[in-house]
Amino acid sequence: DRPSNSWPFETPCGGVPRILNDASCNLDQSIYPSPHPARNATDQCRNVKIAARFDRPMFMNSVLSNLSAVQCNSGVSFDEGACSATLSIDREIDPLYADRGFLMTPRSPLPAGTWIQVRVGADVQSSEGVRMGEEDRWAFRTDDTGADCAPDRVIVEPRSKNLYGEHPQRFDGYDGFAVGP
């Protein structure tokens, strides 16, 4: 006997995707902290790039469409109830981590001495189609000075390329990007 109301379906094999909480930083190996700025970090630059990596390959369209940053309070302690103004940000795939990372760049400097909350929505999906299922939020505070931070070094990825390829008379171009601040 078969059940009268059967419904065929498949269950993806992978687990639920999560943002890595990894403070590792090794510039020589192109390993950067995740998330950045770190959860509850203080004294961050007003021109900071916000970034994070996932623990597995992701469907990046779902990631980019489910990212936001919200301006919160200006006190010493974070107050989630004071988060209201959504910030204008650019979202992009992190070229270092391809289908595992994202970058968010505020379109104008963040306000000084203010808590910023980053939100990654629950509908973010892994490349296997598994939803994160719950929103991931973290906050950081900008420094009080009101000044932008200047990079202390510039790293360009990829770090090297033969610009002429096999034909010395033809320039193949170079498609690199700067990492920082």
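Refer to the structure above for everything that follows.
Remember, it's a predicted structure, so these values are computed and weren't measured experimentally.

## As for the sheet that holds strand β5 (residues 89-93)
Sheets are built from strands that pair by backbone hydrogen bonding, the pairs being arranged parallel or antiparallel. Here 3 strands make up an open sheet; going across it, the order is β2-β6-β5 and the pairing antiparallel. Bordering the open sheet on either side are β2 (50-53) and β5, each of which pairs with just one other strand. Taken pair by pair, the neighbouring strands of this sheet meet at an average axis angle of 15 degrees, ignoring direction. Looking at chain direction, β5 and strand β6 (residues 101-106) are connected through 5 bridges and run antiparallel. Directly across from Asp90, in β6, lies its bridge partner Thr105.

## Observations regarding the packing of aromatic side chains
Summed over all chains, the structure comprises 2 aromatic pairs. Relative to Phe102, the ring of Phe54 lies with its centre 6.1 Å away and its plane at 50 degrees, an arrangement referred to as tilted. On the criterion of sequence distance, the pair formed by Phe54 in the loop between β2 and α1 (60-64) and Phe102 in strand β6 is long-range, its members being 48 residues apart. Taken as a pair, Phe54 and Phe102 share a single burial class, namely buried. Seen in terms of ring centroids, Phe78 and Trp115 are 5.7 Å apart; in terms of plane orientation they differ by 55 degrees. Their pairing is tilted. Within this pair, whereas Phe78 is found in the loop between β3 (67-71) and β4 (85-86), its partner Trp115 is found in strand β7 (residues 115-120), the two being separated by 37 residues in sequence.

## Describing the pattern of salt bridges
Counted by the stated rule, this structure contains 9 salt bridges. Arg137 is the salt-bridge partner of Glu135, the closest N and O atoms lying 2.3 Å from each other. A relative accessible area of 35% places Glu135 in the partly exposed class. If you follow the salt bridges from partner to partner, you end up with Glu80, Glu135 and Arg137 in one network.

## Considerations on the state of the cysteines
Covalent bonding between the sulfur atoms of two cysteines defines a disulfide. Under the criterion given, the structure shown has 2 disulfides. Note that Cys45 is cross-linked by a disulfide to Cys149, the S-S spacing being 2.0 Å. Around the S-S axis, the bridge from Cys45 to Cys149 shows a dihedral of about -95 degrees and counts as left-handed. Taken together, the positions of Cys45 in the loop between β1 (41-44) and β2 and Cys149 in the loop between β8 (136-142) and β9 (155-157) put the pair 104 residues apart, joining distant regions of the chain. Note on cysteine connectivity: Cys72 is disulfide-linked to Cys83, with sulfurs 2.0 Å apart. Since a negative S-S torsion denotes a left-handed disulfide, the Cys72-Cys83 link at about 100 degrees is right-handed. Taken as a pair, Cys72 in the loop between β3 and β4 and Cys83 in the loop between β3 and β4 lie far apart in primary sequence, 11 residues in all. Comparing Cys72 with Cys83, the two get one shared label, buried. Once the disulfide-bonded cysteines of the protein chain are ranked by sequence position, their pairing pattern turns out to be 1-4, 2-3.

Rules behind the numbers
- Residues numbered from 1 in each chain as written.
- Predicted model: local features only at pLDDT ≥ 70, side-chain atom pairs only at ≥ 80, totals over all residues.
- Heavy atoms only, no water.
- Pairing = 2+ DSSP bridges.
- Helix = DSSP H or I, 4+ residues; strand = E, 2+ residues; numbered from the N terminus.
- Axes fitted to C-alpha atoms, helices over the stretch in contact; angles between N-to-C directions.
- Phe/Tyr/Trp six-rings, centres within 6.5 Å; stacked < 30°, edge-to-face > 60°.
- Buried < 20%, exposed > 50% of the residue type's maximum accessible area, 1.4 Å probe, protein only.
- Salt bridge = Lys/Arg side-chain N within 4 Å of Asp/Glu carboxyl O.
- Disulfide = S-S within 2.5 Å.

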